[in-house]
Amino acid sequence: MIGFDECLSIPSKKFSTQACSDLTAAVVGAGISGLSCAHTLASKGFKVTVFESGRGVGGRMSTRRDKAPDGTPLQFDHGAQFFTASSPIFQKLVNIWTDEGVVAEWEGRFVKVDVETGFLSEDSVSYSRHVGVPGMNSICKYLAATEGLKIRSSTKVVGLRRVIHEDLPETSRRSSNELRSSLEVNEDERVWEVDVEASVDGVKQRMCGGQFDVVVVADKSFAALQSSSGKGISCMESVGVGAFGDAMKSAGKTPVFALMLAFENYLDLPFDALSVLSNPNIKYMSRNSSKPYREDEIDQWVVLSSVEFATKKIGNSMTQVGSGEHADLLEDVANELYAEFVEVVNKHFGCAEVKPLLKKAHRWGAAFPENDVGGGAKFFFSEPKRFLACGDFCRKPKYYPHGFVEVAVLSGVASAEKAASFFS
C-alpha cells in the first residue's frame with residue numbers, strides 16, 4: 001500500500017521493544033521532525049541512525065552561540081522564536097519535555113504595532129508560548145540522546161537503493177548488480193542501502209552508510225537529489241517513490257533572514273516580543289535574553305525579516321555559505337534590518353539608537369514551506385518499500401508560523417508509529 005496517512009495516537013499500538021530490537025532505521029535529517037521520528041523508533045527498540053548534512057542537530061530549532069567583545073557568552077534562537085501546542089497529543093509531549101527540564105513557558109510581554117497607523121496593542125493569544133531551555137535546540141539535543149539512536153552529522157545522504165539483505169543465505173543472493181535490478185525478489189527480502197558523502201581526513205568521500213529495514217526522509221531538500229544512474233531522474237523516483245518526491249518539491253520554500261543583535265545595556269522598551277504589521281522588511285523582533293534560563297547579562301535580540309525582503313535580497317540565486325559573496329550579502333542584510341529595527345523602536349517607542357556590541361545576519365533559505373501538500377495527512381508512506389517521509393510541509397499549522405513546530409513533531413511521531421506497524 002502506498003498512501004498518505006491520516007491517523008495518529010501515542011501510542012497507536014503496543015509494540016514489544018524486544019520484537020523491534022533487531023530492526024534498523026535510517027532517518028534523513030536531524031531537525032525536530034526527523035528527531036521526533038528517530039526518538040520514537042528508538043524508544044520502540046529500533047537501532048536508529050540519523051544522517052544530518054549539517055554540523056549539528058536542530059535545523060530551524062537551532063541556537064547560535066557567540067561572544068561579546070569582552071568574552072561574555074551570547075546565544076540567539078535565530079530560527080523558531082517559540083512554539084505553541086494546539087492539540088492534546090502535542091501538549092502531552094510538551095508536558096513531558098517540561099518535566100524533563102528542556103522546555104519552559106515564555107511569560108514575556110508581547111505587543112504588536114502597525115507601523116502605518118501607529119496603532120499599538122497587546123499581542124494577546126489563547127495559547128501558551130513555549131521555548132526550549134536553555135536554548136531552542138535543547139529539545140533536539142534531548143531527543144538525539146535517546147538510547148539506541150546514533151547521529152551522523154556532517155554526513156549527506158546521496159543515494160538510496162533496494163537490495164537483498166546481506167544476512168540472507170548465499171543461495172538467496174545474487175551479484176550486487178543483479179540484486180539491485182531484479183524484479184523477482186519479494187520486497188520483504190529487500191532492505192535499504194544508503195550511500196553517503198562525508199569528509200575523511202578533510203577529503204569528501206562517497207561511501208556506504210549501511211543497510212536498514214526502513215528509511216524515513218525528514219529533509220524536504222532530499223526530494224531534489226538526482227539519481228546517480230545518469231538517467232536524469234530523481235533519487236526518489238529511481239526507487240519507486242517519485243510521487244512523494246514530487247509532492248515534497250511542490251511544497252516550495254520561503255526564505256527569511258534573522259538579525260542577531262547584542263547591546264551592552266538593556267534597551268528601554270516596554271515589550272519582550274513585537275509583531276510588526278504593515279512593514280515590508282521586518283515582521284518580528286524578540287528580546288532573546290527575556291526567555292527563561294538565558295544568558296541575560298547583555299541585552300540580546302533577534303529580528304526576523306519578511307519573506308518579501310528575503311526573496312528580493314536573495315534574487316534568483318543562492319550564494320554559497322563561506323564565500324565572500326555570501327559574507328557581503330549577510331553584512332548588507334544586517335545593516336538594512338538594523339536600520340529598520342532602529343526606526344521602529346525609535347518612532348513608536350521613543351528608544352534612541354544605541355550602537356550594538358554584535359550585529360550579525362543569518363539566512364534561512366527555506367524557512368517555511370510555501371504550500372500544504374499532504375492534503376491533511378501527517379506524512380507519506382509506502383508500506384511495501386518501508387519508506388516514509390515526514391515534516392512540516394505535510395499539513396498547514398493552526399497557528400502560523402509558530403505552529404510549524406507542532407506540525408513537524410506530530411508528523412515525525414506519526415511516521416514512526418506507521419514504520420513500526422510495518423513489522424507487527
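Residues numbered from 1 in each chain as written. Predicted model: local features only at pLDDT ≥ 70, side-chain atom pairs only at ≥ 80, totals over all residues. Heavy atoms only, no water.

J.: Lay out the sheet that holds strand 7 (residues 110–114) in plain terms, naming residues and giving numbers.
T.: Across the sheet, which stays open at both edges, the seven strands sit in the order 8-7-16-17-18-15-19 with mixed pairing between neighbours. A single partner strand is all that each edge strand has here, and the edge strands are strand 8 (120–122) and strand 19 (358–368). Averaged over neighbouring strand pairs, the angle between their axes works out to 20° when direction is ignored. One ladder, built from five bridges, connects strand 7 with strand 16 (residues 273–277); its direction is parallel. Bridge assignment links K112 to a residue of strand 16, and that residue is S275. (Pairing = 2+ DSSP bridges. Helix = DSSP H or I, 4+ residues; strand = E, 2+ residues; numbered from the N terminus. Axes fitted to C-alpha atoms, helices over the stretch in contact; angles between N-to-C directions.)

J.: Explain unusual backbone geometry to me, using residue names and the numbers behind them.
T.: The omega torsion of the bond from V133 to P134 falls at 5°, within 30 degrees of zero and hence cis. Tracing the backbone shows P134 in the loop between strand 9 (130–132) and helix 4 (138–144). The backbone of D201 sits at a positive phi, close to 55°, despite the residue not being glycine. Of note, D201 is situated in the loop between strand 12 (190–200) and strand 13 (203–212). Although it is not a glycine, S278 adopts a positive phi angle of roughly 65°. Look at S278 and you get partly exposed, because its relative accessible area is 32%. (Buried < 20%, exposed > 50% of the residue type's maximum accessible area, 1.4 Å probe, protein only.)

J.: Provide a residue-level description of the sheet that holds strand 11 (residues 155–164), including the pertinent values.
T.: Strand order in the open sheet formed by three strands is 11-12-13, with antiparallel pairing between adjacent strands. Looking at strand neighbours, the two that pair on one side only are strand 11 and strand 13, the edges of this open sheet. On average, each strand axis in the sheet is tilted by 25° relative to the strand beside it, whichever way the strands run. Here strand 12 pairs with strand 13 via nine bridges, running antiparallel. Pairing of E193 across the sheet is with Q211, part of strand 13.

J.: Break down the environment of D188 for me, with residues and values.
T.: With respect to the helices, strands and loops of the structure, D188 is situated in the loop between helix 5 (176–181) and strand 12. A sequence separation of 198 residues divides D188 from R386, and the C-alpha atoms of the two residues are 9.2 Å apart.

J.: Hey, could you go over the packing of aromatic side chains for me, with residue numbers and the actual values?
T.: As enumerated under the stated definition, the model contains 20 aromatic pairs in all. Taking the centre distance of 6.4 Å and the plane angle of 50° together, the rings of F82 and Y284 count as tilted. Of the two residues, F82 is situated in the loop between strand 5 (73–76) and helix 3 (88–99) and Y284 in strand 17 (residues 282–287); the sequence distance between them amounts to 202 residues. Across the pair, Y284 and F82 agree in class, each one buried. Members of the aromatic cluster, connected to one another through ring pairs, are F263, F271, W301, Y338, F341 and F349. (Phe/Tyr/Trp six-rings, centres within 6.5 Å; stacked < 30°, edge-to-face > 60°.)

J.: Quick one: what's the story with the nonpolar core, residue by residue and with numbers?
T.: With 71 residues, the main nonpolar core has V48, F90 and W97 as its most contacted residues. Tallying contributions element by element places helix 10 (residues 404–421) first for this core, with 10 residues. Sequence-distant contacts of V48, defined by excluding residues within four places in its chain, comprise A25, V27, A38, L41, A42, G148, L149 and K150. Core analysis: the next-biggest nonpolar cluster, separate from the first, contains 32 residues, V113, I282, V303 and F341 among them. (Core = buried A, V, L, I, M, F, W, Y, C linked by side-chain atoms within 4.5 Å. Contact = heavy atoms within 4.5 Å.)

J.: Please set out helix 3 residue by residue, giving values where relevant.
T.: In this model, helix 3 (12 residues) spans 16 Å end to end at C-alpha, consistent with the 16 Å of a helix rising 1.5 Å per residue. Buried residues in helix 3 make contact with strand 6 (103–105), strand 9, helix 4 and helix 10. Just beyond helix 3, the residue with positive phi is G101, at close to 80°. (Expected span 1.5 Å × (residues − 1).)

J.: Tell me about empty space enclosed by the protein, and name the residues and values.
T.: By the definition in use, this model includes one cavity of 30 Å³ or more. Here the largest cavity defines a volume of roughly 40 Å³. If you trace the largest cavity, you find it lined by F263, L267, Y338, F341, V342, V345, C351, A352, E353 and V354. The class makeup of the residues in the lining of the largest cavity is nine nonpolar, no polar and one charged. (1 Å grid on protein atoms, 1.4 Å probe; cavity = no way out; pocket = protein on both sides within 12 Å on 5 of 7 lines; lining within 4 Å. Points joined across faces, edges and corners; volume = space filled by probe spheres on them. Nonpolar A, V, L, I, M, F, W, Y, C, P; charged D, E, K, R; others polar.)

J.: Which residues make up a negative patch on the surface, and what values do they have?
T.: Taken together, the side chains of D70, E264, E295, D296 and E297 make up a negatively charged region of the molecular surface. Overall, E264 belongs to the exposed group, its relative accessible area being 57%. (Patch = residues over 30% accessible without salt bridge, like charges linked within 9 Å, V, L, I, M, F, W, Y side chains within 5 Å. Areas by Shrake-Rupley, 256 points an atom, 1.4 Å probe, with all protein chains shown as cover. Salt bridge = Lys/Arg side-chain N within 4 Å of Asp/Glu carboxyl O. Lys, Arg positive; Asp, Glu negative; His and termini not counted. Charge placed at Lys NZ, Arg CZ, Asp CG, Glu CD.)

J.: Tell me about the pattern of salt bridges, and name the residues and values.
T.: Overall, the coordinates contain 14 salt bridges when judged by the stated rule. Here D195 and R206 are joined by a salt bridge, their closest N and O atoms 3.4 Å apart. Here D195 is found in strand 12, whereas its partner R206 is found in strand 13, with 11 residues between them in sequence. Residue R287 is joined to D299 by a salt bridge in which the shortest nitrogen-to-oxygen separation is 2.8 Å. Here the residue R287 occupies a position in strand 17, and D299 occupies one in strand 18 (residues 299–305), the gap between them amounting to 12 residues. Both residues of the pair, R287 and D299, count as buried. Among the charged side chains, a network of salt bridges with common partners joins R109, D272, R287 and D299.

J.: Describe the pairing of strand 7, and please don't skip the residues or the numbers.
T.: Counting buried residues along strand 7, four of its five residues qualify, which places the element largely inside the surrounding structure. Where strand 7 meets strand 8, three bridges bridge the pair, whose relative direction is antiparallel. Its bridge partner being in strand 8, V113 is matched across the sheet by L120. In this antiparallel pair of consecutive strands, strand 7 and strand 8, the connection spans five residues, and G118 shows a positive phi of 80°.

J.: Any details on the confidence of the model for the chain? Residues and values, ideally.
T.: Looking at the chain as a whole, the pLDDT averages 89, with 90% of positions reaching at least 70. Overall, residues 1–15 carries pLDDT values under 50, and its contacts beyond four positions in sequence, including any with other chains, amount to 47 contacts. Low confidence marks residues 168–183, where pLDDT is under 50. Its contacts with residues over four positions away, or in another chain, come to 19 contacts. (pLDDT = per-residue confidence, 0-100.)

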